[in-house]
Every structure is written in structure tokens, then in C-alpha cells.
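Single-letter residue listing:
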Amino acid sequence: MPTYEYKCKKCGNIFEKFQSITEDPIKKCKSCDGEVYRLISKNGNFILKGSGYYSTDNRNGSYKSEKKRLSTSQIKRQEKKEISKKPDSKIKENIKGDKDKETSVK
């Protein structure tokens with residue numbers, strides 16, 4: 001149930017009322033019996049109680065094993081990429097006077 005804020009048009013008194021959404025709004029001020037109107041509340045806080053609100057809740061064993069399998073395969077693919085990027089082949093270059101000199105690319 002929400003808490004509503006009301007303000008009196010006559011005396012300016014501001015007060016809160018904890019009431020159901022379906023309940024009719026208050027019409028008269030507690031202090032002076034003047035007409036009141038409901039304010040737009042700035043309080044948007046709410047509390048999540050119980051389990052199931054976090055990404056780690058309600059995870060079963062099959063989810064965890066699948067996640068582990070996927071992460072392992074991603075690591076293996078990354079290692080393959082790193083190995084394939086390392087050049088270990090030798091390139092023959094023609095440099096002035098050295099016709100068939102082999103150099104290693106690093």
C-alpha cells in the first residue's frame with residue numbers, strides 16, 4: 001500500500017496518509033477542515049523481499065554446468081587465436097647485396 005501526501009488549500013498543512021490504491025482520496029484537512037489535494041509524491045522507493053530478484057538466484061545445476069562449458073570453450077578459442085597470431089615463419093628478403101637472407105618476423 002502506498003503512502004500519499006496531501007496539502008491543505010486553506011492552512012497549507014502537509015501530511016501523509018498510508019492508504020490503499022482503491023481507497024478514495026481524503027477530502028478535508030485534519031487541522032482546519034479545509035479542502036485538501038493530493039501531491040505528486042517524490043518517494044518512489046520500494047523493497048523487493050524474498051528470493052528471485054538477482055541474476056544468481058534460481059539457477060539450477062544445468063545452467064551452471066552449461067556456463068562453465070561455454071566459458072571453457074571460449075578460453076580455448078582465445079588461446080588458438082593468440083597462437084595463430086604469433087609469426088614463427090621465416091621470410092626471405094632481398095636486401096642490397098644479400099640475395100637470400102632469411103630473417104625472422106617478430
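The structure displayed is predicted, hence computed values, not measured ones. Within every chain, residues take consecutive numbers counted from 1 along the sequence as written. Local features in this predicted model are restricted to residues of pLDDT 70 or higher, and side-chain atom pairs are both shown and tallied only at a pLDDT of 80 or more, whereas totals for entire chains, interfaces and linings draw on every residue. The basis for every side-chain value is the complete set of non-hydrogen atoms in the structure, without hydrogens or water.

### Some points on the nonpolar core
As a rule of thumb, nonpolar side chains are buried together in soluble globular proteins.
No. 1: Counting residues in hydrophobic clusters, the biggest one holds six residues: Tyr4, Tyr6, Cys8, Phe15, Cys29 and Val36.
No. 2: Only runs of H or I of at least four residues qualify as helices and only runs of E of at least two qualify as strands under DSSP, and these elements are numbered from the N terminus. For this core, the element with the most residues is strand β1 (residues 3–8), which contributes three residues. Remark: nonpolar core denotes a set of buried residues (Ala, Val, Leu, Ile, Met, Phe, Trp, Tyr, Cys) joined through side-chain atoms within 4.5 Å. Accessibility here uses a 1.4 Å probe with only protein chains present; expressed as a share of the type maximum, an area under 20% marks a residue as buried, one over 50% as exposed, and anything in between as partly exposed.

### Considering the pairing of strand β2 (residues 14–18)
No. 1: Any two strands between which DSSP finds at least two bridges are classified as paired. The sheet contact formed by β1 and β2 spans five bridges and is antiparallel. In the strand pairing of β2, tyrosine 6 is matched with phenylalanine 15.
No. 2: The turn joining β1 and β2, which pair antiparallel and follow one another in sequence, is formed by five residues; a positive phi near 80 degrees is taken by glycine 12.

### Describing the pattern of salt bridges
No. 1: Within this document, salt bridges are pairs made up of a side-chain nitrogen of Lys or Arg and a carboxyl oxygen of Asp or Glu, the two lying within 4 Å of each other. Scanning the model with the defined rule gives one salt bridge in all.
No. 2: The partner of glutamate 35 in a salt bridge is lysine 9, with the nearest N and O atoms 3.5 Å apart. Highlighted residues: glutamate 35 in the loop between β2 and β3 (36–38) and lysine 9 in the loop between β1 and β2, separated in sequence by 26 residues.

### A short note on the packing of aromatic side chains
No. 1: What counts as a ring pair is set by centres within 6.5 Å for rings of Phe, Tyr and Trp (its six-membered ring), and what kind of pair is set by the plane angle: stacked under 30 degrees, edge-to-face over 60, tilted for all other angles. Following the criterion strictly, the structure yields one aromatic pair and no others.
No. 2: For the ring pair tyrosine 6 and phenylalanine 15, a centre distance of 5.7 Å and an interplane angle of 20 degrees mean the geometry is stacked. Of the two residues examined, tyrosine 6 and phenylalanine 15, each falls in the buried class.
No. 3: In our convention, an over-ring charge means Lys NZ or Arg CZ found within 6 Å of a ring centre and within 35 degrees of that ring's normal. The ring of tyrosine 4 has arginine 38 lying over it, and the distance from NZ or CZ to the ring centre is 3.9 Å.

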